[in-house]
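Close look at the chain arrangement
Here are the chains, one letter per residue:
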Amino acid sequence: MRKLIVGNWKMNPQSEAEAVRLARTEDKEGVVIVPPFPFLGAVKKVLKHASLGAQDVFFEKKGAYTGEVSPIMLKKLGVTYAIVGHSERRRLGESDEMIAKKVKASTDAGLKVILCVGESKRESGIKNKELGNAKRYLRKQLEMDLRSIHNSRFLIHNSLIVAYEPIWAIGTGKNASPDDAAEMAGFLRQFLDSRFQIHDFKVLYGGSTNPRNAESFLGKKEIAGLLVGGASINKKEFGEMIKIGKSA
Ligand code: PGA
């Protein structure tokens, strides 16, 4: 089955012309391109196969919120996915309470949410204990981030994607092992099912993925795709990852 390859460009590239050039090369089925806000409109115009995503979203529909962008604005622009709760935003002060509101507002507006969760540090020691601590952390995070939804009745079909992104693996070159990522993905599935009755969702892995390790993650049945940062602004590397996603 084709896997989902999401390219989060973060605060890159520096001009609309470069963004459009990059989008043209990455415009393939099974891909979600996530450019910075100012380039969304121009990128949307050139996409024929890929979907468009936004790196963040606000939780109110309109009003006196300087600097914010509403889910409805994004939806009208042709955006399909919104990343919510990326660790780089949490680090700047975004709270779980805000994230819960963003999840609800986005799904209400018909956007698909890519909710990012992940433990901040790698505990050293026995593997089972490390993963046990990470699971405890994720459980707490999801309790808070999904409290606005309660259960799958509030979700439109397939509108939630959870990205397991251990923070220590983001942009560091140190990825989680594919076995650990698959175990965490399985855990997420089990937890959302039993706690929130959410069954219909994908789990992605993110954190230092590249063409060399993509296949080992995408080969796992628990992992439905990748959330790619750094490698997504490298045409050659991302192109190779798209090909791997297609045949995985
Ligand atoms: P990375 O970023 O691929 O550069 O580690 C992943 C992410 O931030 O989603």
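Structure: see above.
The following paragraphs examine the structure supplied in this document. (Residues numbered from 1 in each chain as written. Predicted model: local features only at pLDDT ≥ 70, side-chain atom pairs only at ≥ 80, totals over all residues. Heavy atoms only, no water.)

Describing the site of the ligand
Near the ligand the following residues occur: Lys10, His86, Glu165, Ala169, Ile170, Gly171, Gly207, Ser208, Leu227, Val228, Gly229 and Gly230. With respect to the ligand, the side chain of glutamate 165 contributes an N or O atom lying 2.6 Å from an oxygen atom. In this structure, an oxygen atom belonging to the ligand sits 2.9 Å away from a main-chain N or O atom of glycine 229. Protein contact buries 95% of the 280 Å² of open area that the ligand shows by itself. Judged by the proximity of its atoms to the pocket grid, the ligand belongs to the second largest pocket. Residue composition of the shell around the ligand, by class: four nonpolar, six polar and two charged. (Near = heavy atom within 4 Å. Polar contact = N/O pair within 3.5 Å; in protein donor to acceptor, adjacent residues only side chain to side chain. Areas by Shrake-Rupley, 256 points an atom, 1.4 Å probe, with all protein chains shown as cover. 1 Å grid on protein atoms, 1.4 Å probe; cavity = no way out; pocket = protein on both sides within 12 Å on 5 of 7 lines; lining within 4 Å. Sits in = over half its atoms within 2 Å of the grid points. Nonpolar A, V, L, I, M, F, W, Y, C, P; charged D, E, K, R; others polar.)

Notes on a positive patch on the surface
Where like charges cluster on the molecular surface, the positive patch consists of Arg2, Lys28, Lys243 and Lys246. Within the fold, lysine 28 resides in the loop between helix 1 (16-26) and strand 2 (31-34). For lysine 28, a relative accessible area of 40% translates into the label partly exposed. (Patch = residues over 30% accessible without salt bridge, like charges linked within 9 Å, V, L, I, M, F, W, Y side chains within 5 Å. Salt bridge = Lys/Arg side-chain N within 4 Å of Asp/Glu carboxyl O. Lys, Arg positive; Asp, Glu negative; His and termini not counted. Charge placed at Lys NZ, Arg CZ, Asp CG, Glu CD. Helix = DSSP H or I, 4+ residues; strand = E, 2+ residues; numbered from the N terminus. Buried < 20%, exposed > 50% of the residue type's maximum accessible area, 1.4 Å probe, protein only.)

What to know about unusual backbone geometry
In this structure, the amide linkage connecting asparagine 12 to the following residue, proline 13, adopts the cis form with an omega of -10°. Counting through the fold element by element, proline 13 comes out in the loop between strand 1 (4-8) and helix 1. Its identity is not glycine, yet serine 208 carries a phi of approximately 55°, on the positive side. Structurally, serine 208 can be placed in the loop between strand 7 (201-206) and helix 8 (214-218).

Side note on helix 1
Count 3.6 residues to each turn of an α-helix, and residues three or four apart come out pointing the same way. By the burial criterion, the buried members of helix 1 are Ala19, Val20, Leu22, Ala23 and Glu26. Seen end-on, helix 1 carries its buried residues on one side only, within an arc spanning 165°. Along its buried surface, helix 1 packs onto strand 2, helix 2 (40-46) and helix 9 (235-247). (Arc of directions from axis to C-beta. Contact = heavy atoms within 4.5 Å.)

Some remarks on empty space enclosed by the protein
Applying the stated criterion to the full structure yields three cavities of 30 Å³ or more. What the largest cavity holds in volume is close to 50 Å³. Around the largest cavity, the lining residues are Gly85, His86, Ser87, Arg90, Cys116, Val117, Gly118, Gln141, Glu165, Ile167 and Ile170. Residue assignment for the lining of the largest cavity shows that the elements contributing at least two residues are helix 4 (87-90) and strand 5 (112-117). (Points joined across faces, edges and corners; volume = space filled by probe spheres on them.)

Some remarks on the layout of surface pockets
Taken as a whole, the largest pocket spans an internal volume of roughly 380 Å³. When grouped by side-chain class, the residues that make up the lining of the largest pocket number nine nonpolar, four polar and five charged. A volume near 180 Å³ is recorded for the second largest pocket. In terms of lining, the second largest pocket is formed by 16 residues, of which the most central are Lys10, Gly171, Ser208, Gly229 and Gly230. Of the residues belonging to the lining of the second largest pocket, the class tally is four nonpolar, nine polar and three charged.

No statement about biological role is implied by the geometric values presented.
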